[in-house]
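Tertiary structure, described
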Amino acid sequence: EVAARGGALRWSAITLSERQAVDRLRGDATRIDEPVAIDLLQSGGKVGYTVHFADRREYLVDASTGAVRREISATEAQAIAQSIVGTAALAGSVNKISQYDTYYYARPGREMHLPAWRIRFNDNAGSTVYLDAVNGTPVGFVDLESRQARWLRTVCTASTTRFSTTIVACGMRS
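Bear in mind that the values here come from a model prediction, so they are computed numbers and not experimental data.

**Regarding the packing of aromatic side chains**
Summed over all chains, the structure comprises one aromatic pair. Look at Phe53 and Tyr59: their rings are 6.1 Å apart centre to centre, the planes differ by 80°, and that puts the pair in the edge-to-face class. Relative accessible area serves as the criterion here: at 4%, Phe53 is assigned to the buried category. Overall, Tyr59 belongs to the buried group, its relative accessible area being 13%. One cation-aromatic arrangement involves Arg57 over Phe53; the distance from NZ or CZ to the ring centre is 5.0 Å. The ring of Tyr59 carries the charged tip of Arg70 above its face, separated from the ring centre by 5.3 Å.

**Regarding the nonpolar core**
Core analysis: the largest hydrophobic core is formed by 13 residues, its most contacted members being Leu25, Ile32, Tyr49, Val51, Phe53, Tyr59 and Val61. Of all the secondary-structure elements, those providing two or more residues to this core are helix 2 (18-28), strand 2 (46-52) and strand 3 (58-62). Counting residues in hydrophobic clusters, the runner-up holds 11 residues, among them Ala77, Trp117, Leu131 and Ala133.

**What to know about helix 3 (residues 74-85)**
For helix 3, spanning 12 residues, the distance from its first C-alpha to its last is 16 Å, which sits close to the expected 16 Å at 1.5 Å a residue. By the burial criterion, the buried members of helix 3 are Ala77, Ile80, Ala81 and Gln82. Looking one or two residues past helix 3, Gly86 carries a phi angle of roughly 105°, positive in sign.

**Comments concerning the confidence of the model for the protein**
Counting all residues, the mean pLDDT for the protein is 80, and 79% of those residues have values of 70 or more. Considering each helix and strand of the protein separately, the mean pLDDT is smallest for helix 5 (residues 164-171), with a value of 44, and largest for strand 6 (residues 116-121), with 93.

**Let's talk about the layout of surface pockets**
Reported here for the second largest pocket is a volume of approximately 180 Å³. Taken together, Arg56, Arg57, Glu58, Arg70, Glu71, Glu111, Met112, His113, Leu114, Pro115 and Val134 form the lining of the second largest pocket. Split by residue class, the lining of the second largest pocket holds four nonpolar, one polar and six charged.

Here is what the cut-offs are and how they apply
Residues numbered from 1 in each chain as written. Predicted model: local features only at pLDDT ≥ 70, side-chain atom pairs only at ≥ 80, totals over all residues. Heavy atoms only, no water. Phe/Tyr/Trp six-rings, centres within 6.5 Å; stacked < 30°, edge-to-face > 60°. Buried < 20%, exposed > 50% of the residue type's maximum accessible area, 1.4 Å probe, protein only. Lys NZ or Arg CZ within 6 Å of the ring centre and 35° of its normal. Core = buried A, V, L, I, M, F, W, Y, C linked by side-chain atoms within 4.5 Å. Helix = DSSP H or I, 4+ residues; strand = E, 2+ residues; numbered from the N terminus. Expected span 1.5 Å × (residues − 1). pLDDT = per-residue confidence, 0-100. 1 Å grid on protein atoms, 1.4 Å probe; cavity = no way out; pocket = protein on both sides within 12 Å on 5 of 7 lines; lining within 4 Å. Points joined across faces, edges and corners; volume = space filled by probe spheres on them. Nonpolar A, V, L, I, M, F, W, Y, C, P; charged D, E, K, R; others polar.

Right, dumping it as structure tokens:
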């Protein structure tokens, strides 16, 4: 996560207050209500405010320049994901998803942010990084090990209704 942020939070780079960030949004958008939440974050070395509204809109306001952005670019998403996985793996694809996929999905009581960037890597683990499309924060990660663990949980859960011996076999882990 520190790699995705681009190091420690650069407090000296913050030149706008939260109020000034909202004022920038008001100057940039046609209709801005009072926000329900404002998060200060750093992603890819850039410090910004993610401003959340009741209707689920989100904007990113650069805390240094005041620039308003709706989403990070594919190039920025790839660079952030690369910092997480490391330089040994090369990105195979970068896609913005607006629907859940096999490994990025909501569960009861745990909603996942959409849209999101999905960056797949050409490494032996088949690493995939999911990033918040507005601010670039990591929201999911899948690799060979996590896919195998999910598959094992699925098989064990489905099997427990039929075979009590499978419960023991699936429950034992070294």
